[in-house]
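# Breakdown of the fold
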Amino acid sequence: MLALRTLILLLGLTLLSACSAPLLPPAPSPHPTRQNQSDADLMTRLQLNWKTLEQTCIPEHERAVALRDYNADLLLLLRRLRHDAEASEHRTRPSQFDIRHQLGDESLRLMALYDDIVPAADVPLDALKERYTAHGLGVPLVGVIPASKIPKTSNKLFNIGTRGTVTPITCVLTFPDGQKPSLVLLPRMTQAQFRVGSLRYGLAADWSAPLEVYWNLTHVKDDRILGLLRPQELRDTTGLSCIEPYDPNKIPVILTHGLASSANTFDNFVNRLWADPEVRRHYQFWYFNYPSGIAWTVSARVYRESIRNLRSMVDPQHKNRNWDNMVVVGHSMGGLITHYSQCVEPWNILLGSDIPREKLKPLLSSRYIETPFPDPALEALRRDYFFRPIKAGLVVYMATPHRGAPVAKYRLVTMLTKLVTLPQTLLKEAYNLATLQRDMFLLNPQDAYLWFTSINQLKPDSYSIRGLQGLQVRNAPTHSVIGDRGINDCPHCSDGIVPYWSSHISWGTQTIVPYDHSVQDGMETAADMRKLLMEYCRKHPSVRVAKQQAQLARP
C-alpha cells in the first residue's frame, strides 16, 4: 500500500511540474531606451541600411555590416511593437512617433491575424536541446494563431485539442520610394528569398523556436500521465495534428508515441530533422496523439481511422501518390500500433487468445471487413480486428516491443494497471469480448477489463503479443532503431525497457544506438532517419516531382 501511495504522489508531482511552464515569454522592456534612441532615429537607421543593401557595387564586408545592423535594428523595432501592444492594454503611452502609424493597411491586417508575434530570439528553449537557425535577411518570428482564427475544417485537421497553432515567419521592413514603410511577414516554410532592389537575399530563419512555442500551445505534453490513467479525459486530444497547413507536395510522416507519453516525445527528433532544408522540402510531420492507457489494438483502430479520414478530406480522389509513399514511425508501444496496422490478416491475432477455436473459426474471415457479424453484440469489436492494412511506403520502428516487454509483468507496473480507468464504451466492448472468450465471464469480470488496458497488452504472454507473432505484414521497406544503453553487447543488449530479442525483427534493416528506451532523443537516431528519408526521396518519382516544384524556394 505504501508503494502505491508513493507512486500516486510521484505521478501527481509529474503532472504539476508539467503544467508549470509559461505559455509564451513576456515582451522584454525596450532596450536601449527611447531616450537613447527614439523610434524616429531607429526608422532612419533602418532606411539607410536598406538603401545600402539595395546597392549592387559595394564591398561585401560593407554589405555584411549593413545586413547585421539592419537585422539588429529591426529586432529592436519589433520588440518595441510587441511591448507597446502589451502596455496599451493597461495604459496609453504618449509618444512623438508612433511606429504603427508608419505601417500600411496590409501590414496591419497581417499583424491582426496573430494573437502574438514573438521574436524567435526571445523564445527560450526548454524542451528542445539545440537551436537551429539560418543566417540571412530579416528577423525570424513565431506567429501565434489562436484556435478561434483557424477555420473549423483546419482545426479538426491540424490542431486537435490545442489552443492554436504557430507559423515560422521572417519579418522584413521595406522602404518603397515615396510610400510608407511596409512591414512584410513572410511564411518561412514556403519562401526562402526576398528581393531588395535588383538583388535577392536569403531569408533568416529560426526552426527551433516555432516548435518550442507549438508544444507550449498544445495540451498534449501535459497529458502524458493523464492519458495513461484516465484515457477518457483525452478524447478531445486524440487524433492527428500538424504544425503547418497540409502540403500536397510533401510526403506525410506519421509519428506515433508510446506508453505514458504524448506526441511531443518527438520534439527533439523533429527539431533536428526540420533543420535540414531537404527534409523540410519533401516531408511533412504529423503527430498521432492518443490516450496510452487503452489497449494498443484499440488505439490502432483510431490510428487507422484518423489517417484514412485525413486523406479523404485532403485527397478525396486518392490521386496524390505521396499518400501511397507515406512514412510511418512508431516509438515503443506506438510501434506496436504501427506494426499491427500493417498486417494483412489482422483478425488472426485472436488466435493468441483463450477463445475456443470452435467459436473463432467461423469468424476469422476477410468477409467481415465489410460484412457485419451475425451476433450484433460483437459488432463493436469488428473494427479492431477486421480491417485492411494502412498502405505505407516506409515503416520505421523505434524501441518497439514486438514480442512484449518483460517489465510489464513487474509488480510495480502491475499495481499501476489498477489505477487505469477505462472509458465506459470500451468496457462494454470488453464485456462483449469476454462473453465470447469465456462463458463463465460473470464469475471473473476482471479478465475482460485486463484485455483492454495497454500495460497488460504489453506482457509477452498477453493474447495480443502472442497473436501478433503469427501475423504477416505488408511488403514495405522497414527499418528498426534499437537501443543498448551504451553497453554494446547486442544481441544480448536491452534499452532498459525492451530487450533486443523483442525489438529485433527478421525483416528490414536496423540500427543499434547507444541510448536507453528514449532512442528517439538520440542524435544518431535523427541522423539515421535523415539518411533513410534522403534515400527514400531518390527512389520515388512523386517526390522528385515535388522537388521540381520547389526549385523557386531554394535559398
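Residues numbered from 1 in each chain as written. Predicted model: local features only at pLDDT ≥ 70, side-chain atom pairs only at ≥ 80, totals over all residues. Heavy atoms only, no water.

## What about the side chain of N49?
Looking at where N49 falls in the secondary structure, it is placed in helix α2 (residues 39-54). Apart from the residues within four sequence positions on either side, N49 is in contact with A66, D69, Y70 and D73. (Helix = DSSP H or I, 4+ residues; strand = E, 2+ residues; numbered from the N terminus. Contact = heavy atoms within 4.5 Å.)

## Thoughts on the packing of helix α8 (residues 267-274) against helix α20 (residues 523-539)
For the pair α8 and α20, the least separation of the axes is 9 Å and the interaxial angle reads 50°. With respect to α20, the element α8 is oriented oblique. Seen from above, α8 lies across α20 with right-handed handedness. Mapping the contact onto sequence places F269, R272 and L273 in α8 and M523, T525, A526, M529 and R530 in α20. A breakdown of the residues in the contact of α8 with α20 according to their chemical character gives five nonpolar, one polar and two charged. (Axes fitted to C-alpha atoms, helices over the stretch in contact; angles between N-to-C directions. Parallel < 35°, antiparallel > 145°, perpendicular 65-115°, else oblique. Left-handed = near helix turned anticlockwise from the far one by under 90°. Nonpolar A, V, L, I, M, F, W, Y, C, P; charged D, E, K, R; others polar.)

## Quick look at the confidence of the model for the chain
Residues shown with low pLDDT carry predicted positions that ought not to be read at fine detail. Residue-level pLDDT values for the chain average 79, and 73% of them are 70 or greater. The secondary structure element of the chain with the lowest average pLDDT is helix α1 (residues 2-18), at 34, and the one with the highest is strand β8 (residues 205-206), at 98. Here residues 1-21 is a poorly scored stretch, pLDDT under 50, and it has 18 contacts once near neighbours within four places are set aside; other chains count. Contacts for the low-pLDDT stretch residues 410-445, under 50 throughout, to residues beyond four places or in other chains number 82 contacts. (pLDDT = per-residue confidence, 0-100.)

## Section: the sheet that holds strand β4 (residues 164-174)
Pairing is antiparallel in the open sheet, where four strands are placed in the order β1-β3-β4-β5. Lying at the two open borders of the sheet, with one neighbouring strand each, are β1 (116-119) and β5 (182-187). Looking at each pair of strands side by side, their axes are set apart by 35° on average, direction ignored. Here β4 pairs with β5 via six bridges, running antiparallel. What sits directly across from T170, in β5, is L186. (Pairing = 2+ DSSP bridges.)

## Considerations on the pairing of strand β12 (residues 327-331)
For β12, the buried fraction is high: five of the five residues fall into the buried class. Covered by surrounding structure in β12 are V327, V329 and H331 together with V328 and G330, the residues of both alternating faces. As paired strands, strand β10 (residues 251-256) and β12 are joined by four bridges and run parallel to one another. Residue pairing for β12: L255 is matched across the bridge by V329. When β12 meets strand β13 (residues 394-398), the two strands line up parallel, connected through five bridges. Following the sheet pairing, V329 is matched in β13 by V396. (Buried < 20%, exposed > 50% of the residue type's maximum accessible area, 1.4 Å probe, protein only.)

## Thoughts on the pairing of strand β11 (residues 283-289)
Across the seven residues of β11, seven count as buried, placing the element largely inside the fold. Residues Y283, F285, Y287 and N289 line one face of β11 and the alternating positions Q284, W286 and F288 line the opposite face, and both faces are buried. Looking at chain direction, strand β9 (residues 239-242) and β11 are connected through four bridges and run antiparallel. Counterpart to L240 in the pairing with β11 is F288.

## Some words on unusual backbone geometry
The phi torsion at S332 lies on the positive side, around 55°, for a residue other than glycine. Summarising the element assignment, S332 is placed in the loop between β12 and α12 (333-341). Judged by relative accessible area, which is 10%, S332 ranks as buried. For A399, which is not a glycine, the phi torsion comes out positive at approximately 50°. Looking at the secondary structure, you find A399 in the loop between β13 and α15 (411-417).

## Section: the packing of aromatic side chains
If you walk through the whole model with that rule in mind, you get 14 aromatic pairs. Ring centres of W207 and W274 lie 6.2 Å apart, and the angle between their planes is 75°; on these two criteria the pair is classed as edge-to-face. Separated by 67 residues along the polypeptide, W207 in the loop between β8 and α6 (208-217) and W274 in helix α8 bring together distant segments of the chain. Comparing W207 with W274 shows no difference in burial state: the two are buried. (Phe/Tyr/Trp six-rings, centres within 6.5 Å; stacked < 30°, edge-to-face > 60°.)

## Structural notes on the packing of helix α10 (residues 296-314) against α12
Orientation of α10 relative to α12, taken along the N-to-C sense of each, is 65°, at an axis distance of 9 Å. For the pair α10 and α12, the sense of crossing is right-handed. Residues W296, T297, S299, A300, Y303 and R304 of α10 pack against M333, L336, I337, T338, Y340 and S341 of α12. A class-by-class count of the residues in the contact of α10 with α12 yields seven nonpolar, four polar and one charged.

## Regarding the environment of R82
Position of R82 relative to the elements: it lies in helix α3 (residues 60-87). Between the C-alpha atom of R82 and that of V118, which follows or precedes it by 36 residues, the distance is 7.8 Å. Dropping the residues within four chain positions of it, R82 is found in contact with P25, P26, A27, P28, D116, I117, V118 and P119. Of the polar contacts made by the side chain of R82, one reaches the side chain of D116; its length is 2.9 Å. (Polar contact = N/O pair within 3.5 Å; in protein donor to acceptor, adjacent residues only side chain to side chain.)

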